[in-house]
Structure formats: structure tokens, C-alpha cells
Amino acid sequence: MDRMLARFRIQTKVVILVLPLLMTIIAVGATGLYATGVLEARLNVSNDVVRLLSGFKGVYAGITTFLREPNDATFTHASDITTAQISEIDRTVEEIPDAQDVAELRKAQEATRTILSHVNEIWRIRQD
């Protein structure tokens, strides 16, 4: 190895010895950048799901209030908050690319629509 490197100038020797180290550092940096992007996407999905769960808590509170005191104001509030939750689920379904997560969200979407139809049915019966 020494005889082979003896033919080259000192700058060439430095480049030959430092270049693999530089390439390794670049590869580690690129891998870190990729991992950061994947982690950020997962965190965004987790944040959206937590926000949706908080929205369901609001839907539950609105419907409970409506069932305790069935009047125009509580019906409107329960209906509006449930419709807003459906819109949030729709927006989240469009943003999440993972098919399994979307399937679960679609189930929640249908269940929320069913809840809204039941609230409307209760209100219709109450008015009659």
C-alpha cells in the first residue's frame, strides 16, 4: 500500500484517504434526513388522530346535553358539533395515505354519520 501511495502527491493521498470518510458522513446525514421526514409524517398523523379523539369527546358532550335538555339550542349545538367532526374526519381521511388507518377512519366516519342521523331522528320524534 505504501509503495502504491508513494507515487502520488500528498494532496492525492489526502483525498484518497479522506474521501471514504466524507462519503460515510454524507450517507449518515442522508439517512438521518430521510428518517426525520418519516418521523415527522408519523407525528402529524398522530396529532390528527389525537385531535379527532378530542372532537369525539366534544360530540359526546354535545349529544349528552341534548339528551338531557332537548331544545332548539342543544339540538343545534349537537348537530353542528357532530357535522364539524364528520368534516374533520373527511379532511383527515384525505391527508392520511396509509390504507389501514384510512379504513379505521372510514368506520369512525360512518359511525359518526349514524350518530348524527339518530340525533336528527330523536329531534324529529321530540317535535312530533
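(A) Looking closely at the environment of T36. Inspection of the secondary structure puts T36 in helix α2 (residues 10-68). For the pair formed by T36 and R3, sequence separation is 33 residues and the distance between their alpha carbons is 44 Å. A polar atom in the side chain of T36 sits 2.8 Å from the backbone oxygen of G32.

(B) Inspection of the side chain of T82 at higher detail. Mapped onto the secondary structure, T82 falls in helix α3 (residues 72-95). The class of T82 is buried, set by a relative accessible area of 0%. Among the polar contacts made by the side chain of T82, one reaches the main-chain carbonyl oxygen of A78 at a distance of 2.7 Å.

(C) Broad picture of the packing of aromatic side chains. Scanning all chains against the criterion turns up three aromatic pairs. A ring pair is formed by F66 and F75, whose centres lie 5.8 Å apart and whose planes are at 55°; its orientation type is tilted. Neither F66 nor F75 differs from the other in exposure class; each is buried. Ring centres of F75 and W123 lie 4.9 Å apart, and the angle between their planes is 10°; this geometry places the pair in the stacked category. With a gap of 48 residues between them, F75 in helix α3 and W123 in helix α4 (residues 99-127) connect regions that are remote in the sequence. Both residues of the pair, F75 and W123, count as buried. Three or more aromatic residues joined by ring pairs form one cluster here, namely F66, F75 and W123.

(D) Region of interest: the pattern of salt bridges. One pass over the full model with this rule turns up eight salt bridges. For the salt bridge of E88 with R91, the shortest nitrogen-to-oxygen distance reads 3.2 Å. Here E88 and its partner R91 are both found in helix α3, three residues apart, which amounts to about one turn of the helix. With a relative accessible area of 29%, R91 lands in the partly exposed category. With a closest N to O distance of 3.6 Å, R113 and E110 form a salt bridge. With R113 and E110 both in helix α4, this residue pair falls three residues apart, about one helical turn. In this structure R113 comes out as partly exposed when scored by relative accessible area, which is 34%. Linked by salt bridges that have partners in common, D48, R51, E88 and R91 make up one network.

Quick notes on the rules
Residues numbered from 1 in each chain as written. Predicted model: local features only at pLDDT ≥ 70, side-chain atom pairs only at ≥ 80, totals over all residues. Heavy atoms only, no water. Helix = DSSP H or I, 4+ residues; strand = E, 2+ residues; numbered from the N terminus. Polar contact = N/O pair within 3.5 Å; in protein donor to acceptor, adjacent residues only side chain to side chain. Buried < 20%, exposed > 50% of the residue type's maximum accessible area, 1.4 Å probe, protein only. Phe/Tyr/Trp six-rings, centres within 6.5 Å; stacked < 30°, edge-to-face > 60°. Salt bridge = Lys/Arg side-chain N within 4 Å of Asp/Glu carboxyl O.

Any link to function would need more than the numbers given here.
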